[in-house]
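# Commentary on secondary and tertiary structure
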Amino acid sequence: MNNWEKITGSDMTKEFNIFEARVKKLPADYQAAWEKIKTNLWPHSDFTGRNLMPILDGVLGLLEETAADGQSAGEVLGDDIKGFCCALVGEEGAKSFRDKWRKQLNNNIAKKLDK
């Protein structure tokens, strides 16, 4: 990956297109679960979202394997997809990018006020 791809995010776009092509081969319940997983994981990304790409790849691999075994998405993920996603990114209530920025801003203000 060169700098231009990092700046524009074209490397992630290519990878995401590959993910979506893989998802289209899955049964409908898995496709719906994939959409919910993406929705619940994105708030835990860093500024670019690059930190989630390995996690998304691993989840998609899990979905492909279990679909090949004939299991339903509900059997694999359960009813709590949000909880499943929180377990993937860390403990319950993992920090989102907004929480990280808020903490950084508060620390910077506290430093300025202490001077």
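Let us look at the structure shown here. (Residues numbered from 1 in each chain as written. Predicted model: local features only at pLDDT ≥ 70, side-chain atom pairs only at ≥ 80, totals over all residues. Heavy atoms only, no water.)

## So, helix H2 (residues 10-24)
- When the terminal C-alpha atoms of H2 are compared, their 21 Å separation across 15 residues agrees well with the 21 Å that a helix rising 1.5 Å per residue should span.
- Buried residues of H2: Asp11, Met12, Phe16, Phe19 and Val23, and no others. Along the long axis of H2, the arc covered by the buried residues comes to 125°, so they all point the same way. Along H2, exposed side chains directed more than 90 degrees from the buried face belong to Ile18 and Lys24. (Helix = DSSP H or I, 4+ residues; strand = E, 2+ residues; numbered from the N terminus. Expected span 1.5 Å × (residues − 1). Buried < 20%, exposed > 50% of the residue type's maximum accessible area, 1.4 Å probe, protein only. Arc of directions from axis to C-beta.)

## Here's the deal with a nonpolar patch on the surface
- Taken together, the side chains of Leu105, Ile109 and Leu113 make up a nonpolar region of the molecular surface, amounting to roughly 320 Å² of accessible area.
- Structurally, the position occupied by Leu105 is in helix H7 (residues 97-114). (Patch = residues over 30% accessible without salt bridge, like charges linked within 9 Å, V, L, I, M, F, W, Y side chains within 5 Å. Areas by Shrake-Rupley, 256 points an atom, 1.4 Å probe, with all protein chains shown as cover. Salt bridge = Lys/Arg side-chain N within 4 Å of Asp/Glu carboxyl O.)

## So, the packing of aromatic side chains
- Taken as a whole, this structure holds three aromatic pairs when the rule is applied.
- Three or more aromatic residues joined by ring pairs form one cluster here, namely Phe16, Phe19, Trp34 and Trp42. (Phe/Tyr/Trp six-rings, centres within 6.5 Å; stacked < 30°, edge-to-face > 60°.)

## Considerations on the side chain of Lys38
- Inspection of the secondary structure assignment puts Lys38 in helix H3 (residues 28-41).
- According to the relative accessible area criterion, Lys38 is buried, its value standing at 12%.
- In contact with Lys38, not counting residues within four places along its chain, are Phe16, Glu20 and Leu56. (Contact = heavy atoms within 4.5 Å.)

All we've got here are geometric facts, nothing functional implied.
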